Amino acid sequence: INAHNVFEEIGYNSEFCIVPSYNYLNGENPDGTDRLGSSIVFLDGHGEFDHIRFESFRLQGTDDEQYNTGVSTREKEISGDNESEYVSIKSKNVEDTRLMIFSACYTAEPNDEANLTEYAVRRGAETAIGWRDRISEQASADWNERFLEKLSIGYSVEEAAEYADEIFASSSSILDWVIEGNE
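Positions within a chain are numbered from 1, following the residues in the order the chain's sequence is written. Given that the model is predicted, a residue must reach a pLDDT of at least 70 before its local features are reported, and side-chain atom pairs must reach 80 or more before they are shown or counted; all residues, however, enter totals for whole chains, interfaces and linings. Computation of side-chain values: all heavy atoms of the structure, hydrogens and water removed.

A.B. asks: Help me understand the pairing of strand S8 (residues 127–131) in this model?
C.D. replies: Burial classes follow relative accessibility: with a 1.4 Å probe on protein chains only, a residue under 20% of its type's maximum area counts as buried, one over 50% as exposed, and anything between as partly exposed. Numbered from the N terminus, helices here are DSSP runs of H or I no shorter than four residues, and strands are runs of E no shorter than two. With 5 of 5 residues buried, S8 is to be regarded as a mostly interior element. Taking every second residue as pointing to the same face, both faces of S8 are buried, with Thr127, Ile129 and Trp131 on one and Ala128 and Gly130 on the other. With respect to chirality, the unit in which strand S7 (residues 99–103) leads through helix H4 (residues 116–122) into the neighbouring parallel S8 is right-handed. One bridge is not enough; two strands pair if DSSP finds at least two bridges between them. Bridge count for S8 against strand S9 (residues 177–181) is 5 bridges, and the pairing is antiparallel. The residue of S9 that forms the bridge with Thr127 is Gly181. By convention, orient the strands away from the viewer: a clockwise path from the first strand over the helix to the second makes the crossover right-handed.

Printed below as a string of structure tokens:
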């Protein structure tokens, strides 16, 4: 909600969804562009090197697969007894995306394959930011609030990230972000 408010304040047409379904993530904006191809895409969930997932089905109190979803470098992933269907960045036009924020653990973890942050830039996003390590929900929320505050007044992505780091101890894993593309 904070990201939505910040982006609205600086003139973007912004929408948010706390409980995204596969259809929502895979859908289009009112102007007909891919939702994942928006100018700025802010995704906050649980991550691994190749995906970010939203356990919205738990919030819904159901195992409905349309809410067992996320965004990935792949299209489907089997996890335990639940099948998660991911919207593949490969299937989306992200060439007009200025910034993708993957606010989740391990979304920039080094790997033999491209991690989600690298992959988004390879697919055409101008800039993407993700994390190499595990990050706590509270640290992520605090970091993102500071990051967005400075981003909204014209700081570069790197400058805003460095500012957001200032309130954390040097040992905090929230400092282990990676920016791919145009910093």
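Picking up after the structure, the text goes on.
A.B. asks: Help me out: how do you make sense of the layout of surface pockets in this one?
C.D. replies: Left-over empty space is what a probe sized like a water molecule reveals as it rolls over the atoms. Buriedness of a pocket was judged along seven lines, with at least five required to meet protein on both sides within 12 Å; pockets are open sets of points on a 1 Å grid over the protein atoms alone, cavities are sets where a 1.4 Å probe fits but cannot get out, and lining residues have an atom within 4 Å of a point. Grid points are joined across faces, edges and corners, and a volume is the space filled by probe spheres set on the points. Counted as a void, the second largest pocket has a volume near 260 Å³. If you go around the second largest pocket, you meet 14 residues; those closest to its centre are Arg98, Leu99, Leu151, Tyr155 and Val157.

A.B. asks: I tried to follow the environment of Asn26 on my own but got confused; where do I start?
C.D. replies: With respect to the helices and strands, the residue Asn26 is situated in the loop between helix H2 (22–25) and strand S1 (40–44). Assessed through its relative accessible area of 29%, Asn26 is described here as partly exposed. Along the backbone, Asn26 and Ser91 are 65 residues apart, and their C-alpha atoms lie at a distance of 9.3 Å. Filtering out sequence-adjacent residues up to four positions away, Asn26 remains in contact with Val87 and Lys92. Throughout, a contact is declared for two residues whenever any of their heavy atoms are within 4.5 Å.

A.B. asks: What exactly am I supposed to notice about the packing of aromatic side chains here?
C.D. replies: By convention here, two paired aromatic rings are described through the distance between centres and the angle between planes. The criterion for an aromatic pair is that two Phe, Tyr or Trp rings (for Trp, the six-membered ring) have centres within 6.5 Å, with stacked assigned to planes under 30 degrees apart, edge-to-face to planes over 60 apart and tilted to the rest. Per the counting criterion, the structure on display carries 3 aromatic pairs. Ring centres of Trp131 and Trp143 lie 5.0 Å apart, and the angle between their planes is 85°; on these two criteria the pair is classed as edge-to-face. Remark: Trp143 occurs in helix H5 (residues 137–151) and Trp131 occurs in strand S8; sequence separation between them is 12 residues. The residues Trp131 and Trp143 share a single accessibility class, namely buried.

A.B. asks: Looking at this model, I keep getting lost on H5. Mind explaining?
C.D. replies: One turn of an α-helix holds 3.6 residues; hence residues three or four places apart share an orientation. Its 15 residues give H5 an end-to-end C-alpha distance of 20 Å, which sits within 8% of 21 Å, the value for a rise of 1.5 Å per residue. The inward-facing, buried residues of H5 abut helix H1 (2–9), S1, S7, S8, helix H6 (157–165) and S9. Every helix has an expected span of 1.5 Å times one less than the residues it contains.

A.B. asks: What is the right way to look at the pattern of salt bridges in this model?
C.D. replies: Pairing is possible between side chains that carry opposite charge, provided their charged atoms lie close to one another. Here a salt bridge means any side-chain nitrogen of Lys or Arg lying within 4 Å of a carboxyl oxygen belonging to Asp or Glu. Per the counting criterion, the structure on display carries 5 salt bridges. For Glu15, the salt bridge goes to Arg35, with nearest N and O atoms at 3.2 Å. Placement of the pair is Glu15 in the loop between H1 and H2 and Arg35 in the loop between H2 and S1, with a sequence separation of 20 residues. For Arg35, a relative accessible area of 15% puts it in the buried group. A salt bridge links Glu166 to Arg146; the nearest nitrogen and oxygen atoms lie 3.8 Å apart.

Spatial relationships are all this shows, so hold off on functional conclusions.
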